[in-house]
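Below, each chain spelled out in residue letters.
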Amino acid sequence: MSEQNNSVADAALAALKALQKEIQETVLDTRESVDEYRIRFLSRKQGQVTALLKRIPEVAAEHRKQFGQEINAAKSLVESRIEQASSSFSGDATSGPELDFTLPGREVAEGSLHPITHALRLITKVFESYGFAVAEGPEAEDDWHNFSALNFPPDHPARDMQDTFFIEPPESDHGGILLRTHTSGVQIRVMENQKPPIRVIAPGRVYRNEAISYKSYCLFHQVEGLYVDEGVTMADLKQIIHAFARTLFGEDVKMRFRPSFFPFTEPSAEVDIWWKDDALPDGGRWMEIMGCGMVDPNVLEGVGIDSEKYTGYAFGMGIERIAMLRYGIDDIRILYENDIRFLEQFS
Ligand code: PHE
């Protein structure tokens, strides 16, 4: 029995000797080799030093102490070699010494704002500086806010001016739910909830079921403007639009008000600016940038505002149109293609 015990102990000792040699001689020159080394000797499940520690009871009592001490010394050696090797790699988290620190860094790609966002922010900033607050309304709108409250009679052909995407058909409750065809419905929402003086702009996305071409798309953006107070006149409207155009297109901008029609404004006008282009025979051409007018008294009365006491003006402009003029873009569709080569030009 004791004879057998001795030979088991010898085997354990021999294993320890072999291990000590390995621990001493294994080359640790990469992070991977250090990781492997740690697992090979110290891991709780498969580590060879750990395994030897478990064999201590096999060793004869008189050798046990020394055996234990030698294993612990081996373990310390593993630990100190790991620490030493690791510190020589520190500061480099990815790989071993083959890394070339002189290589130039990788450029971090930087995003850019979409030209529509650029134009929208600019327009908003200008009107905020005139004291306008920003209001918002839903893109899925009901008939009342998009048409009826804006003085479009039920079967008036004016409703055909705008081809509409319906979500619920006109025959259903509320006269249908639709994708708003303009931001003018926000005027109604604001006046329903606020008493004059009112001075807001309402930027947002609008939808029209139109043939797609270089100048029209099925969705686009508008900025609505509304000012209601005592004694507001057409002269105030012209003044603010002129100031706006000067800020956006330069002090010498040439613009004109052209009589027009909208059911919710009376009188109504469209605003054109002169777009210089030497390639054209006249050296340029008139470009429409917005519709506007004095809020129709019917609209004010419909939302409970006394039209004897208060008057107001409203305007609505297409943001794409303004972005295209400012940035020299000649096809609206490119604004919706998300072509990185195009978008990168606006960073
Ligand atoms: N809502 C009109 C359109 O989309 C523009 C407009 C707004 C006209 C406000 C007058 C007043 O064409």
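The preceding data block contains the structure.
Residues numbered from 1 in each chain as written. Predicted model: local features only at pLDDT ≥ 70, side-chain atom pairs only at ≥ 80, totals over all residues. Heavy atoms only, no water.

Peer 1: Run through empty space enclosed by the protein, naming residues and quoting values.
Peer 2: Applying the stated criterion to the full structure yields one cavity of 30 Å³ or more. Considered as a void within the structure, the largest cavity measures approximately 30 Å³ in volume. Considering the residues around the largest cavity, the lining is formed by V186, Q187, V190, V200, I201, A202, E224, G225 and L226. Those elements that place two or more of their residues in the lining of the largest cavity are α7 (184-193), β5 (198-207) and β6 (219-229). Among the residues making up the lining of the largest cavity, the classes are represented as six nonpolar, two polar and one charged. (1 Å grid on protein atoms, 1.4 Å probe; cavity = no way out; pocket = protein on both sides within 12 Å on 5 of 7 lines; lining within 4 Å. Points joined across faces, edges and corners; volume = space filled by probe spheres on them. Helix = DSSP H or I, 4+ residues; strand = E, 2+ residues; numbered from the N terminus. Nonpolar A, V, L, I, M, F, W, Y, C, P; charged D, E, K, R; others polar.)

Peer 1: Report on the packing of helix α5 (residues 115-129) against helix α10 (residues 319-327), specifying residues and quantitative values.
Peer 2: Interaxial distance between α5 and α10 falls to 9 Å at its minimum, and their mutual angle equals 100°. Relative to α10, α5 is oriented roughly perpendicular. Residues P115, I116, H118, A119, L120, L122 and I123 of α5 form the contact with α10, whose own contacting residues are I319, E320, I322, A323, R326 and Y327. Split by residue class, the contact of α5 with α10 holds ten nonpolar, one polar and two charged. (Axes fitted to C-alpha atoms, helices over the stretch in contact; angles between N-to-C directions. Parallel < 35°, antiparallel > 145°, perpendicular 65-115°, else oblique. Contact = heavy atoms within 4.5 Å.)

Peer 1: Got a sec to walk through the site of the ligand? Specific residues and values, please.
Peer 2: Among the 14 residues in the neighbourhood of the ligand, the closest are listed as H182, S184, R208, Q222 and E224. Contact between the ligand and R208: an oxygen atom at 2.8 Å from a side-chain N or O atom of the residue. Between the ligand and the protein, one listed contact pairs an oxygen atom with a side-chain N or O atom of Q222 at 3.0 Å. A molecule is said to occupy a pocket when more than half its atoms come within 2 Å of that pocket's grid points, and by this definition the ligand occupies the largest pocket. Mapped onto the shell around the ligand, the elements with two or more residues apiece are α7, β6, β9 (284-295) and β10 (311-318). Residue contributions to the shell around the ligand peak at three residues, all from β10. (Near = heavy atom within 4 Å. Polar contact = N/O pair within 3.5 Å; in protein donor to acceptor, adjacent residues only side chain to side chain. Sits in = over half its atoms within 2 Å of the grid points.)

Function-wise, these values are silent; they only describe arrangement.
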